[in-house]
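# Architecture at a glance
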Amino acid sequence: MKGRVTFNWVKKALLAAVVSAGLFTTNSYAQQLHAGFMGGPQLTNLESDFGTFKGIVGFNGGGVVDWRVSNKFGLELDALFSQYGATKVYDQPQILHDRTLYYSYRTTDRLSYLQFVLLPKFIIPLGAKPVIPYDKPGDQKLFLSFFAGPYFGLRSGFSSTGKQSGYTVLNAGDTINRFEPTAYTNTTKDADRVAPNDFGFTAGAGINFNMAGGKMILGFDGRYSRSLATIDLGYYQRQTRGVNSANQPVVIKDMANILNTAMAFNVSLKFRILGE
């Protein structure tokens, strides 16, 4: 069973990102601070070691603070509402003494998070002015940015809706008692068996347009995000038959390895609040 990433990993990753950005603070006169908002659709899926999951479309958006440490480096902090999920098709077994009950799910699972993302950025100026370094970041009319860093999310919602059916298989191999599909909606207890937080990484690239001499920045980016540890605490539980140390038959229960993944496409607008 794969355990959850502890919060200490989060603190270490955030500290490392801040220290890394600080090492690049070489042109203090060129520093600028922008704040604004960003958002857009994201193609999400649940990566799993069992069952079949197909992607759905979610949304991510919120506030952003962008610190231009120098002409080539920056540090961005995002506070986002982010939606993940997938449609799932899988059979969840419940093993009894002489038979196994299979519950077949055809549902759409949706998870939402309050997500914090810290992104050190490498910046490449574009345009007709090839002077390096530039006097001010605001002189860069057009520039590319490449970024990667950790995120930490607090789950704000979970839902699973669709159809549930089932059938029974005797240990001898005969299939009996097929159940017709019925409407399915998760319970509060089900939601408690999904991890309350998610830790992972985000990486991507964007193109940015300085407007009004750097007073505003219009940006477009694409970013990929992925969990680094399972979000399952038993909701996607698997059961298999095994034996204990006394060679007696037992039921082995194990959590599944379920990871959030997403490819987001965002538009951002940021306004300069410090610097020239």
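Below is a short write-up of the structure. Residue indices follow the written sequence of each chain, beginning from 1 at its first position. Whole-chain, interface and lining totals are the exception, using all residues; otherwise, since this is a predicted model, local features are given only for residues with pLDDT of at least 70 and side-chain atom pairs are given and counted only at 80 or more. The side-chain numbers reported here are obtained from all heavy atoms of the structure, hydrogens and water having been left aside.

We count a stretch as a helix when DSSP gives it H or I for four or more residues in a row; a strand needs E for two or more, and each element gets its number in order from the N terminus. Looking only at helices and strands, one finds two helices and eleven strands in the chain. When the helices and strands of the chain are placed in sequence order, the string is α-β-β-β-β-β-β-α-β-β-β-β-β. Areas reported as accessible are Shrake-Rupley estimates using a 1.4 Å probe. Residue values count occlusion only from the protein chains shown. Taken as a whole, the chain presents about 13,800 Å² of accessible surface, with 62% of it coming from carbon and sulfur.

Before going further, it helps to spend a moment on the side chain of Ser82. The topology assignment puts Ser82 in strand S3 (residues 73-95). Residue class for Ser82 comes out buried when judged on its relative accessible area of 1%. Under this definition, polar contacts are N or O atom pairs within 3.5 Å; protein pairs additionally need one hydrogen-donor-capable and one acceptor-capable atom, and for neighbouring residues in sequence, both atoms have to be side-chain atoms. A distance of 3.0 Å separates the side chain of Ser82 from the side chain of Gln42, its partner in a polar contact. Those residues in contact with Ser82, other than ones at most four positions away along the chain, are Gln42, Phe59, Asn60, Leu111, Ser112, Tyr113 and Gln115. Only protein chains enter the accessibility calculation, which uses a 1.4 Å probe; a residue is then buried when its area is under 20% of its type maximum, exposed when over 50%, and partly exposed in between. We call two residues contacting when some pair of their heavy atoms lies within 4.5 Å.

Here, a salt bridge means any Lys or Arg side-chain nitrogen found within 4 Å of an Asp or Glu carboxyl oxygen. Considering all chains together, one arrives at ten salt bridges under this definition. Salt-bridge contacts for Arg226 lead to Glu47; the nearest nitrogen and oxygen are separated by 2.7 Å. Of this pair, Arg226 sits in strand S8 (residues 216-227) while Glu47 sits in strand S1 (residues 32-48), and the two are 179 residues apart along the sequence. Among the salt bridges present, the one from Lys121 reaches Glu76, with a minimum N-O distance of 3.2 Å. Separated by 45 residues along the polypeptide, Lys121 in strand S4 (residues 99-126) and Glu76 in strand S3 bring together distant segments of the chain. Connected through salt bridges with shared partners, the residues Asp66, Glu76, Asp78, Lys121, Asp221, Arg223 and Lys270 form a single ionic network.

Further remarks concern the side chain of Asp221. Structurally, Asp221 is set in strand S8. Its relative accessible area of 15% is what places Asp221 among the buried residues. Of note is the side chain of Asp221, whose polar atom sits 3.2 Å from the side chain of Arg223.

Once that is clear, we can look at the packing of aromatic side chains. By convention, a stacked pair of Phe, Tyr or Trp rings (six-membered ring in the case of Trp) has centres within 6.5 Å and planes under 30 degrees apart, an edge-to-face pair has planes over 60 apart, and any other such pair is tilted. Across all of its chains, the model carries eight aromatic pairs by this definition. Through successive ring pairs, a cluster of aromatic residues spans Phe53, Phe158, Tyr235 and Tyr236. Only when the NZ atom of a Lys or the CZ atom of an Arg is both within 6 Å of the ring centre and within 35 degrees of the ring normal do we say a charge sits over the ring. The cationic tip of Arg68 hangs over the ring face of Phe143; the distance from NZ or CZ to the ring centre is 5.0 Å.

Okay, the pairing of strand S5 (residues 142-170) next. In this description, strands pair whenever DSSP reports at least two bridges between them. The pairing of S4 with S5 spans 25 bridges and is classified as antiparallel. Bridge pairing links Arg106 to Lys163 in S5. Two elements, S5 and strand S7 (residues 197-211), share 13 bridges in a ladder whose sense is antiparallel. Looking at the pairing, Leu142 lines up with Phe209 of S7. Examined bridge by bridge, S5 and strand S6 (residues 175-185) share seven bridges and lie antiparallel to one another. The partner of Gln164 across the bridge, within S6, is Thr182.

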